[in-house]
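Chain residues, written in single-letter form:
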Amino acid sequence: MDADQTNTDVALNPACPGCVAAANRIAGLEARIILLEQKLEAALRAGKRQAAPFSRGLPKDNPKRPGRKKGNDYGTKAFRAAPPVIDEEYDAPLPERCPKCGGRVVASHVDHQYQAEIPRRPIYRQFNVAIGRCACCEGRVQGRHPLQTSDALGCCASQVGPDAQAAVVMLNKELGLSQGKISRVFQALFDIKLTRGGSCQVMLRAAQRCQENYQAIVKRVQQSPWIVPDETGWRIGGHLAWMHVAVSEEAIAYLIARKRGIEGSALLIGEDYAGTLIHDGWSPYDRFWRAMHQTCIAHLLRRSHELLERARGGAVIVPRKVKALLQESLEVRDLRDAGKITPQAAAARADELEARMKQLVTPVKTNAANDRFCRHLFRHTKHLFTFLRHPGIDATNYRAEQAIRPAVVNRKVWGGNRTETGAVAQSILMTVWFTTVKKGRDAMGFMSQVLRSPKSTRPRLLGGSG
C-alpha cells in the first residue's frame, strides 16, 4: 500500500461500534471542512471586489415596493406647495409656430412652475466699525454688529460669515468631508475661496466658542439616570487612540482620548456614576461598580446566531436555548409596554428567566466556543434582564451605536485627527452638533449664532439664552 493511501478500510471494522462512531465522526468533520471551505472561498471573493459595504446577502424573493406608500394624503396634496417668497420671476412665452407642424399657436392660459436654486454668487458684507476711546479710562472701544464673528481688523479683516462657518462644521463633522473637499465645495458651489487651512481654523475657532456648551453637555450626561456608552478606534497623528461616546435621554457626549477601558470611559462618564449603564458587555464597563448594568441583548442574540452557524450535532443545543431565552425576554417587554401585563409581573418573569439562564450556562461545556459564551453569560447573568425590572431602560445599546456612526464615517474618510488640538475640537463640535440635532433644533442655525455672539451673550444649548 502506498504511503499516501488511506488505511481507513483496514482500521475501521463495520462490526465494531467504536469504529462506526469514528467513521461517523470523520464524515461529520469532512462535511464541516467542505462547508468552511465554501464560506472561506466566498469571503475571499467578496474581499477582492468592490461589493456594497452594507450588503446583507441576496435580495428577498418578494421585496416591498420601493418609494412612498399610498395613504389618506396621497394625491395632489402630496406635491410640494409654492414657495412663500418669490425672489425672481421669468416668463416662458409661447412660440409663434407649432414645433411639430408649423401651425399658428393660440394661447389658452398661463400655468406656474417653481424652482429652488443655490446662490452661486456669495454675499459680500462690509462692516464700518466705529472706533473710539473712553472719556473716563481712555481705553480703546470698538463697535460690533450682530453678524460679525470677530473683532479682528487690519490684515485679518477679511473673514467668512457665520453661516458659512457653520456649514464648514456640518460638512466635516456630520457629513464627513475632508478639508480639501470642503474647499472644493465652497469654490464650486458658492465661488468662495476657502483654503484647507482656513477650513481647519474655522473649526478650531468654533470648538473654542462651544467649550462652555460642551462642558454643560458632559455634566448633564453624567447626571442622567441612564447612559448608553460605546467606543471605537481612532487616530491622533497616526497613533492609536479611542473615541468614547455616551448617550443620555437629552444629550450625546463624545471624547477622543489615548486611553481605553475604564480609564478612558471614566473621563466621559465619571468613575462614580451611579445610574444605569446600557452597554455591549465589554468587561471594563463592569468596573463602574456603583452603576446598575444592562447588557445589550442584540449583541448576545448575534453571538448566538454566529455559534449556531458553526455548530454541529449537540453543540447547537446551548446557543439555541440561549437565543430562545433572550427572545422570550423581549416578548415579555413587549407585553409589558403594551399594557397586557403589569411591571410587577414583568419583574417576576425577569427573576424566572435569570434562574433559567444561570442553570443553563453553569455546567462546563465540552464545546470550547459554547463554553466561552456561557462563561460570559454567567458573569453577566444579573445584567441580562434589568430592562424588565425597570421600565424605561433599553434592552440594547442601539442609541450609542447610532451616535457613533458619524464618527466611523469620518474615520473612513480621513482617518482621525492630526493633532491633540484637533482631537479636542472633534470631541467638542460633535458633542454640540449632535446634541442640538437630538433636541430637535437647527444645528447649523445654533452654531451660526454661537459663532457671531460675544462670550457674554453666547447661547446655551442646555438652559440659558438661545
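Structural data are supplied above this passage.
From a predicted model like this one, the values you see are computed outputs, not experimental measurements.

Here's the deal with the pattern of salt bridges
Where side chains of opposite charge bring their charged atoms close, a pairing between them can arise. Following the criterion strictly, the structure yields 17 salt bridges and no others. Aspartate 337 is paired through a salt bridge with arginine 336; the nearest N and O atoms lie 3.2 Å apart. Classification of aspartate 337 as exposed rests on a relative accessible area of 53%. Look at arginine 336 and you get buried, because its relative accessible area is 8%. With its nearest N and O atoms 2.9 Å apart, the salt bridge here joins aspartate 371 to arginine 375. With aspartate 371 and arginine 375 both in helix H11 (residues 368–379) and four residues apart, the pair spans about one turn of that helix. The exposure class of aspartate 371 is buried, given its relative accessible area of 12%.

Some details on the packing of aromatic side chains
Any two aromatic rings considered together are summarised by their centre-to-centre distance and by the angle between their planes. Going through the model one piece at a time under the given rule, you end up with three aromatic pairs. Between tyrosine 254 and phenylalanine 434, the aromatic rings sit 6.1 Å apart at their centres with planes inclined by 55 degrees, giving tilted as the arrangement. Separated by 180 residues along the polypeptide, tyrosine 254 in strand E5 (residues 252–257) and phenylalanine 434 in helix H14 (residues 420–438) bring together distant segments of the chain. In this structure, tyrosine 254 and phenylalanine 434 share a single accessibility class: buried. Seen from their ring centres, tryptophan 282 and tyrosine 285 are 5.5 Å apart, and the 75 degrees between their planes marks the pair as edge-to-face. On the accessibility criterion, tryptophan 282 (22% relative accessible area) is partly exposed. The class for tyrosine 285 is buried, based on a relative accessible area of 1%. When the ring centre of tryptophan 242 is taken as reference, the NZ or CZ atom of arginine 260 above it lies at 4.0 Å.

Quick look at H14
The first and last C-alpha atoms of H14 sit 27 Å apart over 19 residues, in line with the 27 Å expected at 1.5 Å per residue. With respect to burial, H14 is a largely interior element, 14 of its 19 residues being buried. Remark: glycine 440 follows H14 within two positions and exhibits a positive phi of approximately 75 degrees.

Things to note about the packing of helix H9 (residues 317–337) against H11
Following both chains from N to C, one finds H9 and H11 inclined at 30 degrees, their axes separated by 10 Å at the closest point. The chirality of how H9 crosses H11 is left-handed. The residues of H11 that touch H9, namely those facing Val318, Pro319 and Val322, are Asn370, Phe373, Cys374 and Leu377. Here the residues of the contact of H9 with H11 are counted per class, giving six nonpolar, one polar and no charged.

Points about the state of the cysteines
Counted by the stated rule, this structure contains zero disulfides. For cysteine 16, which is in no disulfide, the shortest distance to another cysteine sulfur is to cysteine 19 and amounts to 3.6 Å. Look at cysteine 16 and you get partly exposed, because its relative accessible area is 29%. For the unlinked cysteine cysteine 156, the closest cysteine sulfur is that of cysteine 155, found at 3.8 Å. Assessed through its relative accessible area of 43%, cysteine 156 is described here as partly exposed.

Section: the side chain of arginine 458
Tracing the backbone through its elements, the reader meets arginine 458 in the segment after helix H15 (443–451). Among buried Asp, Glu, Lys and Arg side chains, arginine 458 stands out as unpaired, with glutamate 212 the closest opposite charge at 6.0 Å. Within the structure, the side chain of arginine 458 is placed 3.4 Å from the backbone oxygen of serine 453, a separation counted as a polar contact.

Some points on the nonpolar core
Of all hydrophobic cores here, the largest spans 90 residues; its most connected members are Met357, Phe385 and Met447. Here this core takes eight residues from H14, the largest share from any one element. In this structure phenylalanine 385 touches Gln294, Leu326, Ser329, Ala350, Leu353, Glu354 and Met357, once residues within four positions along its chain are discounted.

Looking at unusual backbone geometry
In terms of backbone geometry, most residues other than glycine have negative phi values and most peptide bonds are trans. Positioned with a positive phi, glutamate 138 is a non-glycine residue whose angle comes to about 60 degrees. Relative to the helices and strands, glutamate 138 resides in the loop between strand E1 (131–133) and strand E2 (140–142). Residue glutamate 138 is classed as exposed on the basis of its relative accessible area, which comes to 60%. Of note, aspartate 191 is a non-glycine position whose phi angle comes to about 60 degrees, a positive value. Note on placement: aspartate 191 falls in the loop between helix H4 (179–190) and helix H5 (196–209). A residue is classified by how much of its surface remains accessible, and aspartate 191, at 44% relative accessible area, is partly exposed.

Considerations on the sheet that holds strand E4 (residues 239–247)
Within the open sheet, the five strands sit side by side as E5-E4-E3-E6-E7. Their pairing is mixed. Of all the strands in the sheet, the pair left with one neighbour each is E5 and strand E7 (292–295). Across the sheet, the axes of successive neighbouring strands diverge by a mean angle of 25 degrees, strand direction being ignored. Two strands pair when backbone bridges link them, and E4 and E5 are joined in this way by six bridges, in the antiparallel orientation. For valine 245, the partnering residue across the bridge sits in E5 and is tyrosine 254.

Side note on a positive patch on the surface
A contiguous patch of positive charge on the surface is contributed by Arg32, Lys39, Arg303, Arg310, Arg312, Arg372 and Arg379. Contributions of two or more residues to the positive patch are made by helix H2 (17–47), helix H8 (297–310) and H11. By the secondary structure assignment, arginine 312 is in the loop between H8 and H9.

Parameters and conventions
- Residues numbered from 1 in each chain as written.
- Predicted model: local features only at pLDDT ≥ 70, side-chain atom pairs only at ≥ 80, totals over all residues.
- Heavy atoms only, no water.
- Salt bridge = Lys/Arg side-chain N within 4 Å of Asp/Glu carboxyl O.
- Buried < 20%, exposed > 50% of the residue type's maximum accessible area, 1.4 Å probe, protein only.
- Helix = DSSP H or I, 4+ residues; strand = E, 2+ residues; numbered from the N terminus.
- Phe/Tyr/Trp six-rings, centres within 6.5 Å; stacked < 30°, edge-to-face > 60°.
- Lys NZ or Arg CZ within 6 Å of the ring centre and 35° of its normal.
- Expected span 1.5 Å × (residues − 1).
- Axes fitted to C-alpha atoms, helices over the stretch in contact; angles between N-to-C directions.
- Left-handed = near helix turned anticlockwise from the far one by under 90°.
- Contact = heavy atoms within 4.5 Å.
- Nonpolar A, V, L, I, M, F, W, Y, C, P; charged D, E, K, R; others polar.
- Disulfide = S-S within 2.5 Å.
- Lys, Arg positive; Asp, Glu negative; His and termini not counted.
- Polar contact = N/O pair within 3.5 Å; in protein donor to acceptor, adjacent residues only side chain to side chain.
- Core = buried A, V, L, I, M, F, W, Y, C linked by side-chain atoms within 4.5 Å.
- Pairing = 2+ DSSP bridges.
- Patch = residues over 30% accessible without salt bridge, like charges linked within 9 Å, V, L, I, M, F, W, Y side chains within 5 Å.
- Areas by Shrake-Rupley, 256 points an atom, 1.4 Å probe, with all protein chains shown as cover.
- Charge placed at Lys NZ, Arg CZ, Asp CG, Glu CD.

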